[in-house]
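# Structural description and commentary
Residue-level listing of the chains:
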Amino acid sequence: MTVWGAVFGIVPSLAADAPRRVASINLCTDELALLLAKPGQLVSVSALAHDPVESAYSALARDIPENRGTAEEIIPLRADLILAGTYTTRTTVGLLKEMGWNVLEIAPAADLDGSKTVIRQVAAALGTPERAEAIISELDKRIATASRRIAAVGAPQKAVLFRPGEGIAGVASMQGSLLEALGIGNIAGIYGVREWAEMPLEEFVQLKPDLIVSATAAYGASIHAEFARHPAFVGSKVPRIDYPAVLTRCGSPSMADAAELIADGIVALHGSAAR
Amino acid sequence: MRGAGVYLVLGLAVLVGAALSLTVTRSGLPLMHDLWDLWDTDPESAGLILWQLRVPRMLLAILIGGALGISGAALQGLLRNPLAEPGITGASAGAAFCAILAFYFGFADDFPLALPLAGIAGALIAVTLLYVAAGRGAPTLTLILAGVAISAIAGALSSLALNLAPSPYAAIEIVFWSLGSLTDRSMTHVLLAAPFIVVGAAMILTAGRGLDALTLGEEAAEAMGAHLTRTRFLVVVGTGLAVGASVSVSGVIGFIGLVAPHLLRPFLGHRPAALLPASFLGGAALLLFADAIARYLSPGPELKIGVVTALVGAPFFLWAVFASRRDA
């Protein structure tokens with residue numbers, strides 16, 4: 001059904017060369033496109049990309065016009081590549097594809113390995129594969145360094161990674177795979193939690209973890225925030241490290257920042273325990 | 001002839017609403033251009049937006065608004081109760097649940113017709129249940145309670161689907177879809193829904209005489225030679241087709257079916273046969289205007305059309321409940 005596109009001749013044909021105008025309508029593809037695109041190549045990102053609470057790279061998005069993921073905004077951009085997620089703005093994606101626009105749907109990465117695949121996938125589409133390799137080797141290097149720093153002081157073996165209000169991160173989740181890469185034992189493994197599970201506070205108190213890592217969202221008021229303020233959560237004697245949830249939301253290279261914050265935390269805890 | 005005047009006004013309202021639907025652009029978004037400005041700078045994009053986005057949107061508003069309006073009038077006639085409506089009777093909720101199943105458990109990808117068919121099945125089940133539970137001139141309270149119960153069952157099942165959704169992202173999508181929207185639908189959606197809506201509306205229209213007879217009570221109607229079984233079948237199946245196909249394309253848009261016949265009754269009287277076609281046009285005009293207003297007012301995030309009709313329609317419903325108490 002490319003009738004109108006063909007009549008007007010404005011829907012760009014699928015060329016083998018790198019796209020010149022790229023629009024992204026999904027937060028996670030925004031993050032990767034902001035990192036991987038050549039200057040001027042990215043013509044629009046979603047409104048969430050500008051929000052520092054939602055996006056790890058809001059600073060990079062400052063000068064790029066925002067969209068709310070509707071076709072009326074995207075069509076006049078004449079983008080020759082539109083990046084979208086597989087779960088959001090489904091009707092818009094369906095419509096744009098039906099009209100013949102070049103839409104690349106990127107499934108959210110499940111874990112750290114998956115996120116490297118996604119980085120390479122987006123870079124290949126943007127025609128910047130060398131950037132992907134540089135970013136991935138930097139990511140690997142920083143995580144390896146963080147992991148060595150943790151090993152030097154003794155890695156916790158019964159850690160629990162909390163996403164407040166959502167439960168604990170399983171071994172096969174994005175956050176769980178980061179713990180694994182850092183050599184930290186994840187209590188979710190013992191309980192057979194693969195992706196994520198809700199963790200009632202009662203159960204959490206009985207788990208007796210040796211470290212709480214908490215991915216904390218900085219929303220104004222939220223049910224999640226109430227959970228994080230519960231005395232059972234705050235008052236447990238278990239040492240706790242917080243990092244901004246936004247760093248590991250999409251599995252972007254900001255995972256390395258989370259890794260370093262966790263390593264800093266463990267090293268600091270060790271120092272205070274030794275004293 | 002006062003009927004002719006009413007139809008003239010309704011026809012004009014639909015035309016004006018359609019023109020608004022084609023021309024109103026969402027405000028406050030940096031990348032959103034007014035269609036006429038865009039026509040000067042980038043006529044090709046403007047053409048695509050007009051023909052591929054605005055025209056299907058306008059057609060869906062007419063078809064879905066019409067389907068909801070005529071279904072509301074038909075249900076009010078069949079149940080002899082001015083508070084009946086696809087949303088309140090649970091038809092929309094049933095259709096939404098089955099459409100969610102088709103969407104998120106993959107049938108809709110393999111087989112596009114699965115979506116309207118699932119919606120129709122859900123609406124049919126809900127309307128049949130309602131008719132069994134509260135048909136034949138049951139008191140208003142019974143009707144509303146039966147509708148609440150059916151909506152609650154469908155809502156519970158939808159919540160179960162949400163609960164079991166494959167990921168938090170899918171859950172959010174289900175929630176947003178069920179709020180009701182006409183944004184970024186395509187001609188495919190129009191072609192998918194239109195045949196069912198047209199057939200459903202036609203079935204309801206042929207039930208007009210039977211519904212007229214029914215206003216005198218079942219026994220009187222049968223004594224006059226009306227085929228009540230046929231009338232019931234036409235209304236139940238026609239409503240199921242029209243509402244189910246509508247909801248499966250747009251999500252739940254409530255209260256149009258309640259408001260349209262109510263606004264028209266003072267002008268056209270209480271005869272269902274006269275109200276049915278007028279309610280189609282009235283529903284179409286209401287949804288066209290609601291959609292244009294919602295688009296014009298949308299701050300940053302899209303104001304969903306189902307939210308707008310509920311915000312206006314729910315207080316109207318409350319008022320109608322008070323009004324019916326006063327009359328009783």
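Quantities reported herein were computed from a predicted structural model and do not represent experimental measurements. Each chain carries its own residue numbering, running from 1 in the written order of its sequence. Following the order in which they are written, the chains are lettered starting with A and the ligands numbered starting with 1. Whole-chain, interface and lining totals are the exception, using all residues; otherwise, since this is a predicted model, local features are given only for residues with pLDDT of at least 70 and side-chain atom pairs are given and counted only at 80 or more. Values reported for side chains reflect all heavy atoms of the structure, with hydrogen atoms and water molecules removed beforehand.

So, about the state of the cysteines. All names here are of chain A. The disulfide criterion is simple: two cysteine sulfur atoms within 2.5 Å. If you walk through the whole model with that rule in mind, you get 1 disulfide over all chains. Covalent S-S linkage joins Cys28 and Cys250, the inter-sulfur distance amounting to 2.0 Å. An S-S torsion of about -75 degrees defines the bridge between Cys28 and Cys250 as left-handed. With Cys28 in helix α2 (residues 27-36) and Cys250 in the loop between β10 (240-244) and α12 (255-274), this residue pair connects regions lying 222 residues apart in the sequence. The cut-offs for exposure are 20% and 50% of the maximum accessible area for each residue type, with area from a 1.4 Å probe on protein chains only; residues under the lower value are buried, those over the upper are exposed, and the others partly exposed. Classification of Cys250 as buried rests on a relative accessible area of 10%. Going along the chain from the N terminus, every DSSP run of H or I of four or more residues is numbered as a helix, and every run of E of two or more is numbered as a strand.

Salt bridge, as used here, is a side-chain nitrogen of Lys or Arg placed within 4 Å of a carboxyl oxygen of Asp or Glu. Tallied over the full model, the rule gives 15 salt bridges over all chains. A salt bridge links Glu72 of chain A to Arg54 of chain B; its shortest N-O distance comes to 2.6 Å. Of this pair, Glu72 of chain A sits in helix α3 (residues 71-74) while Arg54 of chain B sits in helix α3 (residues 43-78), which puts the two residues in different chains. Arg54 of chain B shares its class with Glu72 of chain A; the two are buried. Its salt-bridge partner being Glu105 of chain A, residue Lys97 of chain A comes within 2.6 Å of it at the nearest N-O pair. Using a relative accessible area of 21% as the deciding quantity, one classes Glu105 of chain A as partly exposed. Several salt bridges converge on common partners, so that one network encompasses Arg78 of chain A together with Asp42 and Glu44 of chain B.

With that settled, the discussion passes to unusual backbone geometry. The phi torsion at Arg78 of chain A lies on the positive side, around 50 degrees, for a residue other than glycine. Relative to the elements of secondary structure, Arg78 of chain A occurs in the loop between α3 and β4 (81-85). Phi angles above zero are rare outside glycine, and Phe255 of chain B is one such case at about 75 degrees. Of note, Phe255 of chain B is situated in the loop between α12 (228-250) and α13 (256-268).

The next subject is the confidence of the model for chain A. The predicted coordinates should not be examined in detail at positions where pLDDT is low. Of all residues in chain A, 88% have pLDDT values of 70 or greater, and the mean over the chain is 87. In the model, residues 1-9 of chain A has pLDDT below 50 throughout and makes 17 contacts with residues more than four positions away in sequence or in other chains. Every residue is assigned a pLDDT by the predictor, reflecting its confidence on a scale from 0 to 100. Two residues qualify as a contact provided that any one of their heavy atoms is within 4.5 Å of a heavy atom in the partner residue.

A word on the pairing of strand β9 (residues 211-216) of chain A. Residue and element names in this part refer to chain A. Burial analysis of β9 places 5 of its 6 residues in the buried class, which makes it a mostly covered element. For strand β6 (residues 159-163) and β9, the ladder comprises 4 bridges, and the chain directions are parallel. Paired with Leu161 across the two strands is Val213, which belongs to β9. At least two bridges found by DSSP between two strands are what make those strands a pair. Pairing analysis gives 5 bridges linking β9 to β10, with the strands arranged parallel. Across the sheet, Ser214 pairs through a bridge with Asp242, a residue of β10.

Residue and element names in this part refer to chain A. Read from one edge of the open sheet, 5 strands run β8-β7-β6-β9-β10, paired in mixed fashion. Two strands in the sheet have a free side with no partner beyond their single neighbour: β8 (196-197) and β10. Docked against the sheet, helix α7 (residues 174-181) engages β6, β7 (167-169), β9 and β10, running at close to 150 degrees with respect to β6. Axes, fitted as lines to C-alpha atoms, cover a helix only where it is in contact. Angles between the N-to-C directions of the axes lie from 0 to 180 degrees.

With that settled, the discussion passes to empty space enclosed by the protein. Residues and elements named next belong to chain B. As defined here, a cavity is a set of points on a 1 Å grid over the protein atoms alone where a 1.4 Å probe fits but cannot get out. A pocket is an open set with protein on both sides within 12 Å along at least five of seven lines, and residues line them when an atom is within 4 Å of a point. Grid points are joined across faces, edges and corners, and a volume is the space filled by probe spheres set on the points. All chains considered together, the criterion is met by 1 cavity of 30 Å³ or more. Each pocket or cavity is described by its volume, and for the largest cavity that value is around 160 Å³. Around the largest cavity, the lining is made up of 17 residues, and of these Arg26, Arg57, Thr183, Arg295 and Glu302 lie nearest the centre. Those elements that place two or more of their residues in the lining of the largest cavity are α3 and α14 (272-297). Here the lining of the largest cavity takes 3 residues from α14, the largest share from any one element. Polarity classes work like this: nonpolar for Ala, Val, Leu, Ile, Met, Phe, Trp, Tyr, Cys and Pro, charged for Asp, Glu, Lys and Arg, and polar for all others, with Gly in that last group. Classifying every residue of the lining of the largest cavity gives 6 nonpolar, 3 polar and 8 charged.

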